[in-house]
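This is what each chain is made of:
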Amino acid sequence: IKYSNQKDHLPSVMKAVMAYCMQPQKTHTNERAWTVSGVGCNPKTAYQEFMANKSVWQKNDGLCFRHYVQSFSPDEEITPEKALEIGLEFANRAWKGYGVIVATHIDREHIHNHFIIDTVNIDNGKKLHEDRKNIERLRKINDEICLKHGLSVLSPFENGLIKSIGIEPCKLCTYCWNGKE
């Protein structure tokens, strides 16, 4: 799991990140299969849904969205459909009550999921607040799901590797660390 540090307080950036993540050349396995789905939102209308949700709860300021990437080793035998299934399971557990787009990219040697998370809870209007321990919490959820599906996980964290989400690479996976997504 890697946190992508954008200017995630701007709606225009959110719209651009959504467009990037849902590009057909990155997410289409064939002309009819699209490896994009949503939790609590429809990917095709997610931007409007996220913005409407913020307006309903009067939470139009501050962070607009979060963007994470979940990468699988190129050595794993995983299909795009399975990666999307795992991504949806992860999103449901990691961000309960928040709208999440899950887009599985198949354009690299390693399949990876992009998560774009609305920072306002659909049910209660609470803002998504993350702290320094969040990446560890997400990693634990990720590892549980991957093990359940027979996929490998990385060795446990070493103390002090992660100083802050988004300030330096997450050091969770060699693909993130080497500048690949």
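Owing to the predicted nature of the structure, the values given are computational and were not obtained by experimental measurement. (Residues numbered from 1 in each chain as written. Predicted model: local features only at pLDDT ≥ 70, side-chain atom pairs only at ≥ 80, totals over all residues. Heavy atoms only, no water.)

J.: So what exactly am I meant to see when it comes to the nonpolar core here?
T.: Taken as a class, soluble globular proteins show a tendency for nonpolar side chains to be buried jointly. Of all hydrophobic cores here, the largest spans 25 residues; its most connected members are Phe72, Phe90, Trp95, Val100, Phe115 and Ile117. Counting only elements with at least two residues in this core, the list comes to helix 4 (80-94), strand 4 (100-105), strand 5 (112-118) and helix 5 (134-148). With 7 residues, helix 4 is the largest single contributor of residues to this core. Aside from chain neighbours lying at most four places away, what touches Ile117 is Phe50, Cys64, Phe65, Arg66, Tyr68, Trp95, Tyr98, Gly99, Val100 and Leu128. Counting 16 residues, the second-largest nonpolar core is a separate cluster that includes Met18, Cys21, Phe50 and Ala103. (Core = buried A, V, L, I, M, F, W, Y, C linked by side-chain atoms within 4.5 Å. Buried < 20%, exposed > 50% of the residue type's maximum accessible area, 1.4 Å probe, protein only. Helix = DSSP H or I, 4+ residues; strand = E, 2+ residues; numbered from the N terminus. Contact = heavy atoms within 4.5 Å.)

J.: When you look at the packing of helix 4 against helix 5 in this model, what are you seeing that I'm missing?
T.: The description of two helices packed together rests on the angle between their axes and the distance between the axes. One way to put it is that helix 4 packs onto helix 5 with a least axis distance of 10 Å and a crossing angle of 140°. On the basis of the axis angle, helix 4 is oblique to helix 5. Judged by the sense of rotation from one axis to the other, the crossing of helix 4 with helix 5 is right-handed. Residue-level contacts link Ile86, Glu89, Phe90, Arg93 and Ala94 of helix 4 to Arg137, Leu138, Ile141, Asn142, Glu144, Ile145 and Lys148 of helix 5. When the residues that make up the contact of helix 4 with helix 5 are grouped by side-chain class, the tally is 6 nonpolar, 1 polar and 5 charged. (Axes fitted to C-alpha atoms, helices over the stretch in contact; angles between N-to-C directions. Parallel < 35°, antiparallel > 145°, perpendicular 65-115°, else oblique. Left-handed = near helix turned anticlockwise from the far one by under 90°. Nonpolar A, V, L, I, M, F, W, Y, C, P; charged D, E, K, R; others polar.)

J.: Explain helix 4 to me, please; I cannot follow it from the model alone.
T.: Each α-helix turn comprises 3.6 residues. Residues three or four places apart therefore point the same way. With 15 residues, helix 4 should cover 21 Å at 1.5 Å per step; its first-to-last C-alpha distance of 20 Å lies within 8% of that length. Within helix 4, burial applies to Pro80, Ala83, Leu84, Ile86, Gly87, Leu88, Glu89, Phe90, Ala91 and Ala94. Among the structural elements, strand 2 (36-39), strand 3 (65-71), strand 4, strand 5 and helix 5 are those in contact with the buried residues of helix 4. (Expected span 1.5 Å × (residues − 1).)

J.: So what exactly am I meant to see when it comes to the packing of aromatic side chains here?
T.: Where two aromatic rings form a pair, the distance of their centres and the angle of their planes describe that pair. Counted according to the given criterion, the structure contains 4 aromatic pairs. Ring geometry for Phe90 versus Trp95: centroids 5.3 Å apart, planes at 85°, classification edge-to-face. Trp95 gets classed as buried once you look at its relative accessible area, which sits at 1%. Judged by centre distance (5.5 Å) and plane angle (50°), the rings of Trp95 and Phe115 are tilted. One end of the pair, Trp95, is in the loop between helix 4 and strand 4; the other, Phe115, is in strand 5, and 20 residues separate them in sequence. Aromatic ring contacts, followed pair by pair, group Tyr68, Phe90, Trp95 and Phe115 into a single cluster. The ring of Tyr47 has Lys15 lying over it, and the distance from NZ or CZ to the ring centre is 5.0 Å. (Phe/Tyr/Trp six-rings, centres within 6.5 Å; stacked < 30°, edge-to-face > 60°. Lys NZ or Arg CZ within 6 Å of the ring centre and 35° of its normal.)

J.: Please explain the pairing of strand 4 as it appears in this structure.
T.: Consecutive side chains of a regular strand alternate in pointing toward one face of the sheet and then the other. Most of strand 4 sits inside the fold, with 6 of its 6 residues counted as buried. Alternating positions in strand 4 separate into two faces, Val100, Val102 and Thr104 on one and Ile101, Ala103 and His105 on the other, with burial throughout. Bridge count for strand 2 against strand 4 is 4 bridges, and the pairing is antiparallel. Following the sheet pairing, Val36 is matched in strand 4 by Ala103. The pairing of strand 4 with strand 5 spans 6 bridges and is antiparallel. Bridge assignment links Ala103 to a residue of strand 5, and that residue is His114. What sits between the antiparallel neighbours strand 4 and strand 5 is a turn of 6 residues. (Pairing = 2+ DSSP bridges.)

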